[in-house]
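Descriptive analysis of the structure
If you want the building blocks of each chain, they are given just below.
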Amino acid sequence: MKKLEEYTGEKVYAFPNGARATREAVLQRFPAAEDFTFVVTTDEYGEVMFGMDNLSALRSIYNIDKSLSKEDAIAAIEEIMNTPAEVNEEVSDQTRIADALEDMVVLQELNALEA
């Protein structure tokens, strides 16, 4: 499960490669984090920094209402990120027809090789 936390610079994370994600190391990679609200994608224990994104960008990507507070917006984005994608297991008629045509072509090629 992914967790999102507002980046404050007060906490030290671990980068996935094991390096320390100190305030200085993070700001070297994400200098705009000093001026804008950024969100850290982390593990359930809040230790590993998997990613860091601008909160406004995430609000736009996930269509989060502007009227929500930072905390509510972060919670809404986290819920969306952790919701499993729906899998449509129904096969369309077009797919069935395409599969049948492919099978017919393969069979015709096999028959031609045998002749």
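For the structure, check the block above.
Residues numbered from 1 in each chain as written. Predicted model: local features only at pLDDT ≥ 70, side-chain atom pairs only at ≥ 80, totals over all residues. Heavy atoms only, no water.

Further remarks concern the overall build of the protein chain. From N to C terminus, the protein chain includes 4 helices and 5 strands. Seen in sequence order, the protein chain has helices and strands lined up from the N terminus as β-β-β-α-β-β-α-α-α. Relative to the compact-globule value of 13 Å for 115 residues, the protein chain shows a C-alpha radius of gyration of 24 Å, a clear excess of over 25%. The C-alpha extent of the protein chain, read off along each of the three principal axes, is 75 × 35 × 25 Å. For the protein chain, buried positions account for 25% of its 115 residues. Counting only contacts in the protein chain whose residues sit at least 6 apart along the sequence, the fraction spanning at least 24 positions is 45%. In the protein chain, 10 positive and 24 negative side-chain charges are present, and the distance between their average locations comes to 12 Å. (Helix = DSSP H or I, 4+ residues; strand = E, 2+ residues; numbered from the N terminus. Rg over C-alpha atoms; globule rule 2.2 N^0.38 Å. Buried < 20%, exposed > 50% of the residue type's maximum accessible area, 1.4 Å probe, protein only. Contact = heavy atoms within 4.5 Å. Lys, Arg positive; Asp, Glu negative; His and termini not counted. Charge placed at Lys NZ, Arg CZ, Asp CG, Glu CD.)

Given two aromatic rings, one states the distance between the centres and the angle between the planes to describe the pair. Tallying each qualifying case throughout the model produces 1 aromatic pair. With a centroid separation of 6.5 Å and 50 degrees between ring planes, the pair formed by Phe 30 and Phe 38 is classed as tilted. Taking relative accessible area as the criterion, Phe 38 reaches 9% and is therefore assigned buried. The cationic tip of Arg 29 hangs over the ring face of Phe 15; the distance from NZ or CZ to the ring centre is 4.3 Å. (Phe/Tyr/Trp six-rings, centres within 6.5 Å; stacked < 30°, edge-to-face > 60°. Lys NZ or Arg CZ within 6 Å of the ring centre and 35° of its normal.)

Let us now look at unusual backbone geometry. Not every positive phi belongs to a glycine, and Asn 63 is a case in point at roughly 50 degrees. Asn 63 gets classed as exposed once you look at its relative accessible area, which sits at 69%.

Our next topic: the environment of Val 91. With respect to the helices, strands and loops of the structure, Val 91 is situated in the loop between helix 3 (70-82) and helix 4 (93-114). You can call Val 91 partly exposed: its relative accessible area is 40%. With 89 residues separating them in the primary sequence, Val 91 and Lys 2 have C-alpha atoms 31 Å apart.

Position of Glu 10 relative to the elements: it lies in the loop between strand 1 (3-6) and strand 2 (13-14). Separated by 12 residues in sequence, Glu 10 and Thr 22 have C-alpha atoms that sit 8.6 Å apart.

Let us now look at the nonpolar core. With 12 residues, the main nonpolar core is built from Tyr 7, Tyr 13, Phe 15, Ala 21, Ala 25, Val 26, Leu 27, Ala 33, Phe 38, Val 40, Met 49 and Met 52. For this core, the elements supplying multiple residues, two or more each, are helix 1 (23-29), strand 4 (38-42) and strand 5 (49-54). Ranked by the residues each element gives to this core, the list is headed by helix 1, at 3 residues. Discounting chain neighbours no more than four positions away, the residues touching Tyr 13 are Glu 5, Tyr 7, Ala 19, Arg 20, Ala 21, Val 40, Thr 42, Gly 46, Glu 47, Val 48 and Met 49. By size, the runner-up hydrophobic cluster in this structure holds 8 residues, among which are Val 39, Leu 55, Ile 64 and Ile 77. (Core = buried A, V, L, I, M, F, W, Y, C linked by side-chain atoms within 4.5 Å.)

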